[in-house]
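Summary of structural features
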Amino acid sequence: MKQKYNLPKKDQDFFFQTIQKIIYTEPFLRLKQYHHHGNISIYTHVIKVAYLSFSYAVKHHLRIQKKELITAALLHDLYFYDWHDKHNGVHLHGLFHPAKAVKNATTLYHITKREKRHMAHHMFPLTLIPPTTKEGWLICIFDKVAAKSDYKALKLKKKALKKITSSKK
Ligand SMILES: [Fe+2]
Ligand SMILES: [Fe+2]
């Protein structure tokens, strides 16, 4: 897995230069507080989606706007609550959070119309409208890939903890 996503230095540098403009900002740092999948924070999840989708685009020489892809991937889940919390008053989170993230990103960052489009349909097919850009498709797909690996890691962690706690030694 690691080797598959190893990038040439110039692409790695581009990725880190681009994310640095966002990841140290106050609203983005707040994402560390909220669980996304299991105990993975939204902060970790969106960086993972950005890296996976960017790596795929580089490896496959896709003709896309790479800066837009990274920016939209970082901001695609920009909401400030724990969606597992049943008392937070957020209904149908899966359906409505992409629009919420677009709204928050528009208020808090300078994002382009295209970046909004890349973010808006990432929950397809749960939401009915598919992504309308290549960058949007990458975010939509690697959002699911990242979520799957988060759950897998959580399952492995639970298994390991169970083994450790049940071990007599
Ligand atoms: Fe999402
Ligand atoms: Fe996501």
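For the structure itself, look to the data block above.
With respect to the nonpolar core
Core analysis: the largest hydrophobic core is formed by 31 residues, its most contacted members being Ala50, Ala73 and Leu74. Of all the secondary structure elements, the ones that give two or more residues to this core are α1 (9-23), α3 (42-59), α4 (66-75), α5 (93-108), α6 (113-120) and α7 (134-166). Per element, the largest residue contribution to this core is 9 residues, and it comes from α3. Once residues within four sequence positions are removed from consideration, Leu74 is found in contact with Ile19, Ile22, Val46, Ile47 and Ala50.

Points about α3
Given a rise of 1.5 Å per residue, 18 residues ought to cover 26 Å, and the 26 Å separating the end C-alpha atoms of α3 matches this to within 8%. If you check which residues of α3 are buried, you get Ile42, His45, Val46, Ile47, Lys48, Val49, Ala50, Tyr51, Leu52, Ser53, Phe54 and Ala57. Just downstream of α3, His61 is the residue with a positive phi angle, here 50°.

Quick word on unusual backbone geometry
Here the amide bond leading from Phe124 into Pro125 is cis, since omega sits at 10°, within 30 degrees of zero. The phi dihedral of His61 falls on the positive side, at around 50°, and the residue is not glycine. Residue position: His61 is located in the loop between α3 and α4. For His61, a count of 7 C-beta atoms within 10 Å gives the class exposed. Positive phi is not limited to glycine here, since Leu92 has a value of about 50°. By the secondary structure assignment, Leu92 is in the loop between α4 and α5. By the C-beta count within 10 Å, which is 8 here, Leu92 ends up exposed.

Here's the deal with the packing of α5 against α6
At a closest axis distance of 9 Å, the pairing of α5 and α6 adopts a crossing angle of 155°. Regarding the angle of α5 to α6, the classification is roughly antiparallel. Crossing handedness for the pair α5 and α6: right-handed. Contacts from Pro98, Ala101, Val102, Ala105 and Thr106 of α5 reach α6 at Lys116, Met119 and Ala120.

Structural notes on the packing of α1 against α4
Axis angle and axis distance: for two packed helices, these are the angle between their axes and the distance between the axes, and together they describe the pair. At their nearest, the axes of α1 and α4 sit 10 Å apart, and the two run at 45° to each other. By the angle class used here, α1 and α4 are oblique. Note that α1 runs across α4; the crossing there is right-handed. In this structure, α1 contributes Phe14, Phe15, Thr18, Ile19 and Ile22 to the contact, and α4 contributes Lys66, Lys67, Ile70, Thr71 and Leu74. Per-class residue counts for the contact of α1 with α4 are 6 nonpolar, 2 polar and 2 charged.

Cut-offs applied
Residues numbered from 1 in each chain as written. Chains lettered and ligands numbered in written order. Predicted model: local features only at pLDDT ≥ 70, side-chain atom pairs only at ≥ 80, totals over all residues. Core = buried A, V, L, I, M, F, W, Y, C linked by C-beta atoms within 7 Å. Buried ≥ 20, exposed ≤ 12 C-beta atoms within 10 Å, placed from the backbone. Helix = DSSP H or I, 4+ residues; strand = E, 2+ residues; numbered from the N terminus. Contact = placed C-beta atoms within 7 Å. Expected span 1.5 Å × (residues − 1). Axes fitted to C-alpha atoms, helices over the stretch in contact; angles between N-to-C directions. Parallel < 35°, antiparallel > 145°, perpendicular 65-115°, else oblique. Left-handed = near helix turned anticlockwise from the far one by under 90°. Nonpolar A, V, L, I, M, F, W, Y, C, P; charged D, E, K, R; others polar.

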